[in-house]
Amino acid sequence: MKRPLNEIIADAIATGILPASAATFIEHEEHRPWPVVLLTALGAWLAAIPLMGIIFLLCGDILTRNTGALYPLSLILCGVAVAILRRASLPLFIEQLAIPALLAGAATMSAAFYIDMSIGNASASVALLAIALAVLIPRNWLRVLLGAISCAFIMAAIVTLAASRDRDGFWMVVHGAMGIWLVADFVQRQHLRSVLVDRLATGWVLTIIVGLALWTGMTFLVGAAIHGGSAGTMDPLTQPLASFAQFASAALTLGGAVWLAMRWPALRKPWYALTAAVFTGLAVLMPSLGAVLMILALCVGSGRWGIAAAAGAAAAWIMGALYYQLAYPLATKALILIGAGALFALIAWLAIRDGAPVLIAGSAIPAPKETRAGRVGIALTAVAVLAIANIGIWQKESLIANGRPVLVELAPVDPRSLMQGDYMRLNFNLPQEVSQMSEGETGSARLKVAGTVNEKGIVELTRLHDGTPLAPGEIVIELTPRHGGHTLVTDAWYFQEGEAKRWEAAKYGEFRVDANGKALLVGMRGANLEAL
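Residues numbered from 1 in each chain as written. Predicted model: local features only at pLDDT ≥ 70, side-chain atom pairs only at ≥ 80, totals over all residues. Heavy atoms only, no water.

Undergrad: Would you take a moment to explain the overall build of the chain for this structure?
TA: Helix and strand counts for the chain stand at 18 helices and 12 strands. With 532 residues in all, the chain has 43% of them scored as buried. Contacts in the chain between residues far apart in sequence, at least 24 positions, make up 66% of those at least 6 positions apart. When the accessible surface of the chain is split by element, carbon and sulfur atoms take 67% of a total near 28,100 Å². (Helix = DSSP H or I, 4+ residues; strand = E, 2+ residues; numbered from the N terminus. Buried < 20%, exposed > 50% of the residue type's maximum accessible area, 1.4 Å probe, protein only. Contact = heavy atoms within 4.5 Å. Areas by Shrake-Rupley, 256 points an atom, 1.4 Å probe, with all protein chains shown as cover.)

What follows is the structure, given as structure tokens:
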């Protein structure tokens, strides 16, 4: 029987005859422009989803009375979809119609599993179903997706059956899944050379990468940007697992570094050894980093750039998440990150001075030589950064020295959050018209509020300032857009870790305000206006 071209190319890649870059040609025998694929898929899904909804509505009474009817219905849907997708030459519209049918059938059977079985056994059954569909359907992108699903549900099954749903249990489960991937990847590349196993393993390892990043928690600044609160903070592992996890993370990092140096002789330089040492130190602090760095090294060394890019992004995420971990004081974490950044800058300078080659598509080319223009550009950039930072500092120092001191009463709000060390969330009593106004209603303009100042220096904010002249005794303060609304300068007061008791008595925020309404929060006052 004549084999499809995509299967021949995939087998050649698996056996090492063709490079991994040839994989771009194995998805379809014919070139399909992505706009055509997108529009065709949209039309197919718009036609298929209502059809599936009608089928389930017509069969709803039967399914609710007899859950056993879910199995034949799901088998019919999956069987039809598999039969369509197994065809070597298939119109794009028909293929896109088969995908929702496959998803509907798989979802129906998964629901039946969870109705008839325990959560752990049902999760394992869903994983086996995903693997079976991957065996039956010769679509490589779909096999990657099914591999990812199988890994996720197998990990869920192990976590449930072992009753280890805490952070310790998930760390062990995800590293166990990585161990399975390492063995399967070695056997696949040395003995099996199977396209099916390669695609399933790709989906499997992508799930592991995502799982490690999620286990780590929120990365630097992302938690604050999405207003995640303390959900971005993760507690450390418990002993004795914490010590073992640190050792395992460091060992995986060193193992990946050694393997990559064996694959690329050009890396056998002092600066690379320093790089491995820095990453190993970070891996000790972050028990999820070592596994990601091992995956990164293995995939870079074997030319699997898509997985390597995902692992690199996860590694950056995990290193940034060190800022939110509770195992170390905030100042210590900041010093660690600053020190690591300085070491990486030194490593980059050493590598450039050493003339380290740059690897592109498997071939080495000399690193670009340092030029006078480049040195001048770096110097000007550094000067510009320092100038901008110092101008901002000078403006704030001037406002603190010359601004009018006023006090604004704090409104009730959740007093503490541990997302960034210790800080106190702030809320101020703003005029009702401002509280009801969203950030989008004002465009790029900054709102200002007017208020009266009493003899104690306390401001009562009474109205939105519309540009009209101020009444005697009134001042104007500019608002800051924050989280879809507006606040007075900031919604947080940061303080040193361990000083929460000191600031619990805060009743007023102390500001410095200039004639144009620019304000800066400089301190907190108690109920009797005493400085805290």
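Now, onward.
Undergrad: Would you explain a nonpolar patch on the surface in this entry?
TA: Together, Leu 343, Leu 346 and Trp 349 make up an exposed nonpolar region whose accessible area comes to about 260 Å². When you line up the elements, Leu 346 lands in helix H15 (residues 330-354). (Patch = residues over 30% accessible without salt bridge, like charges linked within 9 Å, V, L, I, M, F, W, Y side chains within 5 Å. Salt bridge = Lys/Arg side-chain N within 4 Å of Asp/Glu carboxyl O.)

Undergrad: Just to check I follow, could you spell out the packing of helix H8 (residues 167-192) against helix H11 (residues 241-263) for this structure?
TA: A pair of packed helices is captured by two measures, namely the crossing angle of their axes and the spacing between those axes. Contact geometry for H8 and H11: axes closest at 11 Å, N-to-C directions at 30 degrees. One way to sum up the angle between H8 and H11 is to call them roughly parallel. For the pair H8 and H11, the crossing hand works out as left-handed. For the pair H8 and H11, contact is made by Asp 168, Trp 171, Met 172, His 175 and Met 178 and by Leu 241, Phe 244, Ala 245, Ala 248 and Leu 252, respectively. (Axes fitted to C-alpha atoms, helices over the stretch in contact; angles between N-to-C directions. Parallel < 35°, antiparallel > 145°, perpendicular 65-115°, else oblique. Left-handed = near helix turned anticlockwise from the far one by under 90°.)

Undergrad: Just checking my understanding: could you explain the environment of Leu 407 for this structure?
TA: Take Leu 407: it is sitting in strand S3 (residues 404-409). For Leu 407, a relative accessible area of 6% corresponds to the buried category. With 49 residues separating them in the primary sequence, Leu 407 and Lys 456 have C-alpha atoms 8.5 Å apart. What Leu 407 contacts, discounting residues up to four positions off in sequence, is Lys 456, Gly 457, Ile 458, Val 459, Tyr 508, Gly 509, Glu 510, Arg 525 and Leu 529.

Undergrad: Explain the sheet that holds strand S11 (residues 508-513) to me, please; I cannot follow it from the model alone.
TA: The pairing of strands in a sheet comes from backbone hydrogen bonds and takes either a parallel or an antiparallel form. Sheet architecture is open: six strands sit in the order S7-S5-S6-S3-S11-S12, paired in mixed fashion. The open sheet has two free edges, formed respectively by strand S7 (474-478) and strand S12 (519-525), since each of these has just one partner strand. Going across the sheet, the axis of each strand differs from the next one's by a mean of 45 degrees, ignoring polarity. Where strand S5 (residues 448-453) meets strand S6 (residues 458-464), five bridges bridge the pair, whose relative direction is antiparallel. From the neighbouring strand, Val 453 faces S6, where its bridge partner is Val 459. Those strands touched by helix H16 (residues 372-402) are S3, S11 and S12, and its axis lies near 55 degrees from that of S12. (Pairing = 2+ DSSP bridges.)

Undergrad: What should I look at first to understand helix H7 (residues 140-161) in this one?
TA: Think of an α-helix as 3.6 residues a turn; residues three or four steps apart then line up on the same face. With 22 residues, H7 should cover 32 Å at 1.5 Å per step; its first-to-last C-alpha distance of 31 Å lies within 8% of that length. Among the residues of H7, Asn 140, Leu 142, Arg 143, Val 144, Leu 146, Gly 147, Ala 148, Ser 150, Cys 151, Met 155, Ala 157 and Val 159 are the ones counted as buried. For H7, the secondary structure elements touched by its buried residues are helix H4 (70-85), helix H5 (92-116), helix H6 (119-136), H8 and helix H9 (195-216). (Expected span 1.5 Å × (residues − 1).)

Undergrad: Which parts of the structure should I look at to understand the packing of aromatic side chains?
TA: Two aromatic rings, taken as a pair, are described by how far apart their centres are and by the angle between their planes. Tallied over the full model, the rule gives five aromatic pairs. Centroid distance Trp 271 to Tyr 272: 6.3 Å. Interplanar angle 85 degrees. Geometry classified as edge-to-face. On the numbers, 5.0 Å between centres and 50 degrees between planes, the contact of Phe 279 with Phe 344 is tilted. Of this pair, Phe 279 sits in helix H12 (residues 270-285) while Phe 344 sits in helix H15; the two residues are 65 residues apart in sequence, bridging distant segments of the chain. Taking the relative accessible area as the measure of exposure, Phe 344 reaches 25% and is therefore partly exposed. (Phe/Tyr/Trp six-rings, centres within 6.5 Å; stacked < 30°, edge-to-face > 60°.)

Undergrad: Would you explain the packing of H5 against H6 in this entry?
TA: The interhelical angle for the contact between H5 and H6, taken along N-to-C directions, is 155 degrees, at an axis separation of 8 Å. On the basis of the axis angle, H5 is roughly antiparallel to H6. When the axes of H5 and H6 are compared, the crossing they make is right-handed. Of the residues in H6, those in contact with Leu 102, Ala 106, Met 109, Ser 110, Phe 113 and Tyr 114 of H5 are Ile 119, Ala 122, Ser 123, Ser 125, Val 126, Leu 129 and Leu 133. Grouping the constituent residues of the contact of H5 with H6 by class yields 10 nonpolar, three polar and no charged. (Nonpolar A, V, L, I, M, F, W, Y, C, P; charged D, E, K, R; others polar.)

Undergrad: Is there a simple way to explain the confidence of the model for the chain in this structure?
TA: Low-pLDDT stretches of the model should not have their predicted coordinates read in fine detail. Looking at the chain as a whole, the pLDDT averages 78, with 77% of positions reaching at least 70. Confidence over residues 24-30 falls short of pLDDT 50; this stretch has 14 contacts with residues more than four positions distant or in other chains. (pLDDT = per-residue confidence, 0-100.)

Undergrad: Explain the nonpolar core here, please?
TA: Side chains of a nonpolar character, in soluble globular proteins, are inclined to be buried together. Counting 51 residues, the largest nonpolar core has Trp 181, Ile 208, Leu 289 and Ile 295 as the members making the most contacts within it. Those elements giving two or more residues to this core turn out to be H7, H8, H9, H11, H12, helix H13 (289-301), helix H14 (305-321) and H15. Counting 29 residues, the second largest nonpolar core, distinct from the first, contains Phe 428, Val 453, Phe 495 and Leu 521. (Core = buried A, V, L, I, M, F, W, Y, C linked by side-chain atoms within 4.5 Å.)

Undergrad: Explain the side chain of Ser 74 here, please?
TA: Along the polypeptide, Ser 74 turns up in helix H4. In this structure, Ser 74 is in contact with Gly 105, Thr 108 and Met 109, ignoring residues within four places of it in sequence.

Undergrad: Looking at this structure, I do not really get the pairing of S6. What am I missing?
TA: The side chains of a regular strand alternate, first on one face of the sheet and then on the other. Relative to S6, S3 runs parallel, the two being bridged by two bridges. Residue pairing in the sheet places Leu 407 in a bridge with Ile 458 of S6. The hairpin turn running from S5 into S6, its antiparallel successor, is four residues long, and Gly 457 in that turn takes a positive phi close to 85 degrees.

Undergrad: I tried to follow unusual backbone geometry on my own but got confused; where do I start?
TA: Most peptide bonds adopt trans geometry, and most residues besides glycine take a negative phi value. One non-glycine residue with positive phi stands out, namely Arg 193, at about 50 degrees. Locating Arg 193 in the fold gives a position in the loop between H8 and H9. Here the phi dihedral of Leu 529 falls at roughly 70 degrees; this positive angle occurs in a residue that is not glycine. Checked against the element boundaries, Leu 529 lands in the segment after S12.

Undergrad: What am I meant to see in the pattern of salt bridges here?
TA: Opposite charge on two side chains lets them pair, provided their charged atoms get close. Summed over all chains, the structure comprises eight salt bridges. For Glu 474, the salt bridge identified is with Arg 463, shortest N-O distance 3.0 Å. Here Glu 474 is found in strand S7, whereas its partner Arg 463 is found in strand S6, with 11 residues between them in sequence. Take Arg 463: its relative accessible area is 22%, and that puts it in the partly exposed class. The partner of Glu 478 in a salt bridge is Lys 518, with the nearest N and O atoms 3.2 Å apart. With Glu 478 in strand S7 and Lys 518 in the loop between S11 and S12, the pair connects residues that are 40 residues apart, well separated along the chain.

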